[in-house]
Amino acid sequence: MNLGVEVIKLEGVVLTDKAYKETSKILTILTKEKKVISVISKGCRRLKSELRSVSERFCYANFNVLYKENKLSTLVSADIINPFKNIKKDIEKISYVNFISDLTNQVLKNNYSDDIYDIYISSILKIEEGFSPSVITNILELKYLYYLGIEPRLDGCVVCGDKNVVTLSSYKGGFVCKKHITDDYIVSLKTIKIIRMLKFVDISKISKLDISDIVKKEINSFIDEYYDRYSGLYLKSKEFLKNIEKI
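Residues numbered from 1 in each chain as written. Predicted model: local features only at pLDDT ≥ 70, side-chain atom pairs only at ≥ 80, totals over all residues. Heavy atoms only, no water.

Asker: Mind laying out the layout of surface pockets, listing which residues take part and the relevant values?
Answerer: Computed from the structure, the largest pocket encloses a volume of approximately 280 Å³. If you trace the largest pocket, you find 13 residues lining it, with Glu 92, Tyr 96, Ser 134, Asn 220 and Glu 245 closest to the centre. Within the residue set of the lining of the largest pocket, elements represented by two or more residues are α2 (91-110), α4 (133-148), α6 (213-230) and α7 (236-246). The biggest single contributor to the lining of the largest pocket is α6, with four residues. Counted as a void, the second largest pocket has a volume near 230 Å³. Going through the elements one at a time, β6 (165-169) and α6 are the ones with two or more residues in the lining of the second largest pocket. Top element by residues in the lining of the second largest pocket is α6. It accounts for six residues. A breakdown of the residues in the lining of the second largest pocket according to their chemical character gives five nonpolar, three polar and four charged. (1 Å grid on protein atoms, 1.4 Å probe; cavity = no way out; pocket = protein on both sides within 12 Å on 5 of 7 lines; lining within 4 Å. Points joined across faces, edges and corners; volume = space filled by probe spheres on them. Helix = DSSP H or I, 4+ residues; strand = E, 2+ residues; numbered from the N terminus. Nonpolar A, V, L, I, M, F, W, Y, C, P; charged D, E, K, R; others polar.)

Asker: Explain the packing of aromatic side chains residue by residue, including any values.
Answerer: Summed over the entire model, instances satisfying the criterion amount to four aromatic pairs. Between Tyr 146 and Tyr 147, the aromatic rings sit 5.0 Å apart at their centres with planes inclined by 85°, giving edge-to-face as the arrangement. Using a relative accessible area of 52% as the deciding quantity, one classes Tyr 146 as exposed. With relative accessibility at 10%, the residue Tyr 147 sits in the buried group. Ring geometry for Tyr 226 against Tyr 230: centres 4.6 Å apart, planes inclined by 50°, an arrangement best described as tilted. With Tyr 226 and Tyr 230 both in helix α6 and four residues apart, this pair spans about one turn of that helix. An aromatic cluster of at least three residues, connected via ring pairs, comprises Phe 222, Tyr 226 and Tyr 230. (Phe/Tyr/Trp six-rings, centres within 6.5 Å; stacked < 30°, edge-to-face > 60°. Buried < 20%, exposed > 50% of the residue type's maximum accessible area, 1.4 Å probe, protein only.)

Asker: Just give me the short version of the environment of Tyr 144, but keep the residues and values in it.
Answerer: Examined against the element boundaries, Tyr 144 turns out to sit in helix α4. Considering only alpha carbons, one finds Tyr 144 and Asn 111, 33 residues apart in sequence, at a separation of 9.9 Å. Excluding residues that lie within four positions of it along the chain, Tyr 144 makes contacts with Leu 103, Thr 104, Val 107, Ile 116, Ile 119, Tyr 120 and Tyr 227. (Contact = heavy atoms within 4.5 Å.)

Asker: Go over the nonpolar core with me, naming the residues and quoting the values.
Answerer: Judged by nonpolar contacts, the single largest core of 54 residues is most densely connected at Leu 103, Tyr 120, Tyr 144 and Ile 195. Contributions of two or more residues to this core are made by β1 (5-20), α2, α3 (114-129), α4, β6, β7 (174-177), α5 (189-200) and α6. Residue contributions to this core peak at nine residues, all from α4. Every residue in contact with Leu 103, bar those within four places of it in the chain, is listed here: Leu 140, Glu 141, Tyr 144, Tyr 227, Leu 233 and Leu 235. (Core = buried A, V, L, I, M, F, W, Y, C linked by side-chain atoms within 4.5 Å.)

Asker: Which residues make up the packing of α4 against α6, and what are the values?
Answerer: Contact geometry for α4 and α6: axes closest at 10 Å, N-to-C directions at 35°. Note on packing geometry: the crossing formed by α4 with α6 is left-handed. In this structure, α4 contributes Val 135, Asn 138, Glu 141, Leu 142, Tyr 144, Leu 145 and Leu 148 to the contact, and α6 contributes Lys 216, Ile 219, Asn 220, Ile 223, Asp 224, Tyr 226 and Tyr 227. Its residues assigned to classes, the contact of α4 with α6 comprises nine nonpolar, two polar and three charged. (Axes fitted to C-alpha atoms, helices over the stretch in contact; angles between N-to-C directions. Left-handed = near helix turned anticlockwise from the far one by under 90°.)

Asker: Please provide a residue-by-residue account of unusual backbone geometry, values included.
Answerer: Of note, the phi angle at Lys 21 is positive, near 55°, even though the residue is not glycine. Position of Lys 21 relative to the elements: it lies in the loop between β1 and β2 (24-31). Despite not being glycine, Phe 84 has its phi angle at roughly 55°, a positive value. Looking at the secondary structure, you find Phe 84 in the loop between β5 (73-82) and α1 (85-88).

Asker: Residues and numbers for a negative patch on the surface, please.
Answerer: The grouping of Asp 114, Asp 115, Asp 118 and Asp 202 at the surface amounts to a negative patch. In this structure, Asp 202 sits in the loop between α5 and α6. With a relative accessible area of 36%, Asp 202 lands in the partly exposed category. (Patch = residues over 30% accessible without salt bridge, like charges linked within 9 Å, V, L, I, M, F, W, Y side chains within 5 Å. Areas by Shrake-Rupley, 256 points an atom, 1.4 Å probe, with all protein chains shown as cover. Salt bridge = Lys/Arg side-chain N within 4 Å of Asp/Glu carboxyl O. Lys, Arg positive; Asp, Glu negative; His and termini not counted. Charge placed at Lys NZ, Arg CZ, Asp CG, Glu CD.)

Take a look at the structure:
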């Protein structure tokens, strides 16, 4: 008799973990094959449980799951793909990964695409490799705007389409040419060039990030303001991240 239940292997990352009863957890796992699933990890909070180490946030593994379509599945076992040792020993990196995980969870509620999984995984792996967590996070944020349906215009002036742009405005929604500047802050020409490049770059193929502090600051300010103005999202992890950045 087929009850629609089988043990399957799923590549994925734990986005959230929530205590359940005395010794278990409910995990939200973003998977490559089955999108976002909820899984119970029975007894994982016991000190000697084999599921303890794979039932934490950011665990990137191949999960063997007793899978139930559109219901709570059960974690059987898991093989860790990458333990993210460098991330876990650095509070700044942990804060960035915490934020991008929260943001990913929110974006998935708005729109699911296989590309979101690839962007998310690639971002965490690059932070683990030692690339600037702030720049990698900004790239991810830029790409996610498309899936939120609020993508800025970065191919010409938002007012007239002129390719000869001179600044970037969150208020106006993207690039602005000289004719349509009002009281906009003027960013550097390097910022204009690099933000356009970051929008299209394949994160998994990044081998070098040589970006000045002023360009980083201008790009980050634009993205923060743009999200605040258009996304409607409020994430506590973002506020914590901003406080970390000030230290």
